[in-house]
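Structural features, examined
Now for the letters of each chain:
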Amino acid sequence: LLFTTKNTMLRTAAIAVRAATNRAIHTTARAAQQSARNTKARRGLFAGGALLGAGAALSMAAPAMAEDTTYSLLQQIVDRLNNIERNLGIKSSANGSIELNPMAGFPGWDESNKSLTRKHLTPQVYLECYDKQTSQGNTFDRAIQSAVDNQDSGIGAYAGDEEAYEVFAAFFDPLIEDYHGGYKKTDRHVSDMDASKLRGNPDPTGAYVNSTRIRVGRNIRGLGLSPGCTRGQRREVERIVVQALSELEGDLSGRYYSLGNMSEEDRQQLVADHFLFKKGDRFLESCGANRDWPE
């Protein structure tokens, strides 16, 4: 890992020097062209006098020689950079961009990191996923960024949209199976909403439990998940949900709180009641889910 890091630093330095050298070469070339134009103009002015013409040619020889020397030195630097890049295994594409080693973006882990992301992100899995993205533009690096930023993560992976589970299946399938204790990709969840089948009562005398709630999270197909959805998609989620909730009646009816016009008092109460995410969650921040709050 240390050797890889040093190579990466050398590559970065080589790229920076090459860019500066190329700019210098272009500047020198432009200066040489301008000097040539100025030389022709001055020679025309002094064409009537042989002595003046000779003097002009002599005075302009020094700048031309200096420019030739500078250009030569810069070209030597370029040649040396080419040798360095070859030794480091750097390849340039036709448009001049650097072709990085596929493992250049592999995360660096602390020894304290016990996340499922680190456990299942082998070099082989990374090579299979690193350059892929979903049709909505969500990348693999974004999916694992929270585990990189927060080395104390438990899981550390966030899908940007539904398609991510297929595109990055080499990573997500074993992680999900591990987290859910053997739930395989071929398994299917079975729902049973028959309350009569419930057994047991944690508080038969009613002395302890004042209230209870069931928290259910759902997503809307075709729209990105929290880490990957756009501002426009978030607004569309709100529009669809508000319309659906407005049609509920009886004991299912309620009040919808919009982040756009929510009072600070309501916000604090909803956070205290665990109905609303609190600000400043570093895990959600890293995965991109804290954007557009509220807009």
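Residues numbered from 1 in each chain as written. Predicted model: local features only at pLDDT ≥ 70, side-chain atom pairs only at ≥ 80, totals over all residues. Heavy atoms only, no water.

With that out of the way, let us pick up the overall build of the protein chain. When helices and strands are counted, the protein chain shows 10 helices and 2 strands. Sequence-ordered secondary structure for the protein chain, helices as α and strands as β, is α-α-β-β-α-α-α-α-α-α-α-α. Here the protein chain holds 295 residues, and 24% of them are scored as buried. Residue pairs at least 24 apart in sequence account for 60% of intrachain contacts in the protein chain once pairs closer than 6 positions are excluded. (Helix = DSSP H or I, 4+ residues; strand = E, 2+ residues; numbered from the N terminus. Buried < 20%, exposed > 50% of the residue type's maximum accessible area, 1.4 Å probe, protein only. Contact = heavy atoms within 4.5 Å.)

As a further point, take the nonpolar core. Grouped together as the largest cluster of nonpolar side chains are 19 residues, with contacts concentrated most on Leu-121, Cys-129, Phe-140, Phe-168, Phe-171 and Phe-172. Those elements that provide at least two residues to this core are helix 4 (123–129), helix 5 (140–149), helix 6 (164–167) and helix 7 (169–179). When residues of this core are assigned to their parent elements, the largest contribution, 4 residues, is made by helix 5. With sequence-adjacent residues up to four places away left out, Cys-129 is seen in contact with Phe-140, Phe-168, Ala-170 and Phe-171. (Core = buried A, V, L, I, M, F, W, Y, C linked by side-chain atoms within 4.5 Å.)

On to the environment of Ser-153. Its location among the elements puts Ser-153 in the loop between helix 5 and helix 6. Residue class for Ser-153 comes out buried when judged on its relative accessible area of 5%. Sequence separation of Ser-153 and Asn-113 is 40 residues, and the distance between their C-alpha atoms is 7.3 Å. In this structure the side chain of Ser-153 is engaged in a polar contact, spanning 2.7 Å, whose partner is the backbone oxygen of Asn-150. (Polar contact = N/O pair within 3.5 Å; in protein donor to acceptor, adjacent residues only side chain to side chain.)

Right, let's get into the pattern of salt bridges. Tallying each qualifying case throughout the model produces 11 salt bridges. Residue Glu-177 pairs with Lys-184 through a salt bridge whose shortest N-O separation is 2.9 Å. Here Asp-266 and Arg-255 are joined by a salt bridge, their closest N and O atoms 3.5 Å apart. Of this pair, Asp-266 sits in helix 9 (residues 264–272) while Arg-255 sits in the loop between helix 8 (231–245) and helix 9; the two residues are 11 residues apart in sequence, bridging distant segments of the chain. (Salt bridge = Lys/Arg side-chain N within 4 Å of Asp/Glu carboxyl O.)

Let us look at the side chain of Asn-150. Tracing the sequence through the fold places Asn-150 in the loop between helix 5 and helix 6. Owing to a relative accessible area of 4%, Asn-150 belongs among the buried residues under this scheme. Look past the residues within four positions of Asn-150 in its chain and what remains in contact with it is Arg-282, Phe-283 and Ser-286.

Buried within helix 7 are the following residues: Ala-169, Phe-171, Phe-172 and Leu-175. An end-on view of helix 7 places all buried positions within 155 degrees of arc, on one side of the element. At its buried positions, helix 7 is contacted by helix 3 (116–120), helix 4, helix 5 and helix 6. Gly-181, located one to two residues past helix 7, shows a positive phi value of around 65 degrees. (Arc of directions from axis to C-beta.)

Applying the stated criterion across every chain, the model contains 7 aromatic pairs. Geometrically, the ring pair formed by Phe-171 and Phe-172 is edge-to-face, given 5.2 Å between the ring centres and 65 degrees between the ring planes. Three or more aromatic residues joined by ring pairs make a cluster, and in this case those are Phe-106, Tyr-126, Tyr-130, Phe-140, Tyr-165, Phe-168, Phe-171 and Phe-172. (Phe/Tyr/Trp six-rings, centres within 6.5 Å; stacked < 30°, edge-to-face > 60°.)

In this model, the protein chain carries a mean pLDDT of 81, and residues with pLDDT of at least 70 account for 74%. Highest mean pLDDT in the protein chain belongs to helix 3 (98); lowest belongs to helix 1 (residues 2–45) (55). A low-confidence stretch, residues 1–6 stays under pLDDT 50, and its non-local contacts, those more than four residues away or across chains, total 0 contacts. Considering only residues more than four positions removed or in separate chains, one finds that residues 41–58, a stretch of pLDDT under 50, has 5 contacts. (pLDDT = per-residue confidence, 0-100.)

Glancing now at the environment of Lys-119. As for its position among the elements, Lys-119 is in helix 3. Residue Lys-119 is classed as exposed on the basis of its relative accessible area, which comes to 54%. Note: C-alpha distance between Lys-119 and Leu-175 (56 residues apart in sequence) is 8.4 Å.

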